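What follows is the residue order along each chain.
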Amino acid sequence: ETFLFRVTGGSESKQIDMVVSVTGNDSATIRCIPNGTYTITEMGDWSWKYEIPASAETTIAEGNYHASVEFTNTQNDSRFLGEEAMVHNKFAAFR
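Residues numbered from 1 in each chain as written. Predicted model: local features only at pLDDT ≥ 70, side-chain atom pairs only at ≥ 80, totals over all residues. Heavy atoms only, no water.

As for the sheet that holds strand E2 (residues 15-23)
Next, step 1: Overall, antiparallel pairing links the four strands, which are arranged E2-E1-E4-E6 in an open sheet. Single-partner strands in this sheet number two, and they are E2 and strand E6 (56-60). Mean inter-strand twist for the sheet, computed between neighbouring axes without regard to direction, equals 25°.
Next, step 2: For strand E4 (residues 36-43) and E6, the ladder comprises five bridges, and the chain directions are antiparallel. Within the sheet, the bridge partner assigned to Ile40 lies in E6 and is Ala56. (Pairing = 2+ DSSP bridges. Helix = DSSP H or I, 4+ residues; strand = E, 2+ residues; numbered from the N terminus. Axes fitted to C-alpha atoms, helices over the stretch in contact; angles between N-to-C directions.)

Quick look at the structure:
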């Protein structure tokens, strides 16, 4: 399964709005992201199979370039097509 995450935010001088895809239990890293506060939201309106977790916020600040957030998706109906009950996605931002 592929999961989509929208990353928005930044600073007064630089704003970003991007979509990151993560497949299965994999993770995604965004490099060279400007300092600022970012909101990461899972785009779940395409999937009815998983409960979508709440958005997360993280800040990239001078001297703190390794910020990360994690999302865990819980399957709505464990009898749907497979044996997986949960998918764990990790998102990390490095400057």
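Thoughts on the pairing of E4
Next, step 1: Going residue by residue along E4, you find Gly36, Tyr38, Ile40 and Glu42 tucked away on one face and Thr37, Thr39, Thr41 and Met43 left uncovered on the opposite face.
Next, step 2: Where strand E1 (residues 2-10) lies against E4, seven bridges are found, and the strand directions are antiparallel. Its bridge partner being in E4, Gly10 is matched across the sheet by Thr37. (Buried < 20%, exposed > 50% of the residue type's maximum accessible area, 1.4 Å probe, protein only.)

Description of unusual backbone geometry
A negative phi angle characterises most non-glycine residues, just as the trans form characterises most peptide bonds.
Next, step 1: Here the phi dihedral of Cys32 falls at roughly 60°; this positive angle occurs in a residue that is not glycine.
Next, step 2: In this structure, Cys32 sits in the loop between strand E3 (27-30) and E4.
Next, step 3: Taking relative accessible area as the criterion, Cys32 reaches 69% and is therefore assigned exposed.

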